[in-house]
Amino acid sequence: MLVDYFLFAINSITHRKLRSWLTIIGIVIGVAAIISLITLSRGLENTIKEQFEQFGANRILISSKGFQGPGTLSEGLTTKDVETIEKISGFKYVIGALFRQTEIKHNKETGFALVGAIPAKNYEEFIKDSGIDVMEGRIIKDGDKGVAVIGARAARDMFSKELRLGTKIEIKKKEFKVIGIWEETGDANTDNRISITLEDAREIFNEPEKVDTIIAQVKSTNDIPLLQKRIEHDLERKRDDTNFQVLTATQITEQINQVLGVIQIVLVGIAAISLIVGAIGIMNSMYTSVLERTRDIGIMKAIGARNSDILQIFLIESGLMGFVGGLFGTILGTLMAFIAQKFSKNAGFLLIIKLEPLLLLFGLVFAFLVGMLSGFLPAYQASKLKPVDALRYE
């Protein structure tokens, strides 16, 4: 019997193709918007997760309150704070870092880049723990001066002519020799960065004591909670203030994911408006269909069709329209997400998009249910028609 209902519903939909497709388009747009936005937000979460895994789960980041990441200025941390943390046992190493957005000159051209600096003596160990490598040349070693390792995009795009190994660049009137080019990661912040030694950075930026952030590499991840509290306690006692924050990679990720979660809810809520419009379209189409087939309903009831049979026929029809809209919507939404991934990669930002079967299934089932719910009132109205009144309808 259900097979007959499906065939009847399909025949009805195909009989009024234009109206059906116009109705379905509303569902397509709504589902595509929701699927693409959820996929993109999940992709952003994947990207952040991967980057912080690269940063290292066994690192503690100490910065001044209000520090927004590399490239922004913060106040308060100095080499004395680095020394305070170094006295705490349980760390593999503790390093202070400086970050400055500044002019870079080469062959009478001027560009802008983020310059990051850590002590030369810790460079090899830090890069090894970070899991990143150079594409060409070598990294900075202890004793190096006046050298730089640059990001792949900085080398390629900063100036009209690509920067190569041995090229000389000028930062704050000091000449630096390019000795290495980082592998491209897809992260614009990393791929456009220029790395120099902390000793050189202190000289050119005139910052003899200041550090923007302190990176503490722990020996065992099991000790992170204890060491985090110890850092907070010792810094507060030594500094006599609390103008600092001590965060782990996990905490930073959680904070970012909370913000992303709120943004995702807002965006999906906005996208759901178009889905509501599509649902109203289905309801309107089904009401029109009931009016057009009033006599047919009367005939079916006259030959023995029950109210439940009429109800099921119209519910299946509205559900099918929702399902078709959901099918095309999930395909379109997924394609939109992958297109956004390609554009983001070209723009220098790595967006990790993954196909999620459960999300695609959710799109189909959700659209089908929206279709059925939208068609319930028209279907209920059709099922309650009296055979005599339906047969007399013109």
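Up top you'll find the structure we're talking about.
1. Thoughts on the pattern of salt bridges
A side chain with one charge may pair with a side chain of the opposite charge, provided their charged atoms come close.
Now for step 1: With the rule as written, the count across this model stands at 12 salt bridges.
Now for step 2: Among the ionic pairs, Arg239 bridges to Asp81, the shortest N-O distance being 2.8 Å. Residue Arg239 is located in helix α8 (residues 224-239), and its partner Asp81 is located in helix α3 (residues 79-86); the two are separated by 158 residues in the primary sequence.
Now for step 3: The exposure class assigned to Arg239 is buried, which follows from its relative accessible area of 16%.
Now for step 4: Residue Asp81 is classed as buried on the basis of its relative accessible area, which comes to 4%.
Now for step 5: Put simply, Asp241 and Arg239 hold a salt bridge, and the shortest N to O gap is 3.1 Å.

2. Overview of the packing of aromatic side chains
Now for step 1: A complete count under the given rule lists two aromatic pairs for this structure.
Now for step 2: Here Trp21 and Phe328 contribute two aromatic rings whose centre-to-centre distance is 5.8 Å and whose plane-to-plane angle is 70°, an arrangement assigned as edge-to-face. Here the residue Trp21 occupies a position in helix α2 (residues 17-55), and Phe328 occupies one in helix α11 (residues 307-346), the gap between them amounting to 307 residues.
Now for step 3: Overall, Trp21 belongs to the partly exposed group, its relative accessible area being 43%.
Now for step 4: Look at Phe328 and you get partly exposed, because its relative accessible area is 40%.
Now for step 5: Look at Phe362 and Phe366: their rings are 5.3 Å apart centre to centre, the planes differ by 15°, and that puts the pair in the stacked class. Here the residue Phe362 and the residue Phe366 both occupy positions in helix α12 (residues 357-383), the gap between them amounting to four residues, near one helical turn.
Now for step 6: Given the relative accessible area of 32%, Phe366 is considered partly exposed.
Now for step 7: If you follow Lys174 out to its NZ or CZ, it ends over the ring of Phe176, 5.9 Å from the centre.

Criteria and cut-off values
- Residues numbered from 1 in each chain as written.
- Predicted model: local features only at pLDDT ≥ 70, side-chain atom pairs only at ≥ 80, totals over all residues.
- Heavy atoms only, no water.
- Salt bridge = Lys/Arg side-chain N within 4 Å of Asp/Glu carboxyl O.
- Helix = DSSP H or I, 4+ residues; strand = E, 2+ residues; numbered from the N terminus.
- Buried < 20%, exposed > 50% of the residue type's maximum accessible area, 1.4 Å probe, protein only.
- Phe/Tyr/Trp six-rings, centres within 6.5 Å; stacked < 30°, edge-to-face > 60°.
- Lys NZ or Arg CZ within 6 Å of the ring centre and 35° of its normal.

Everything listed is a geometric property; what it means functionally is a separate question.
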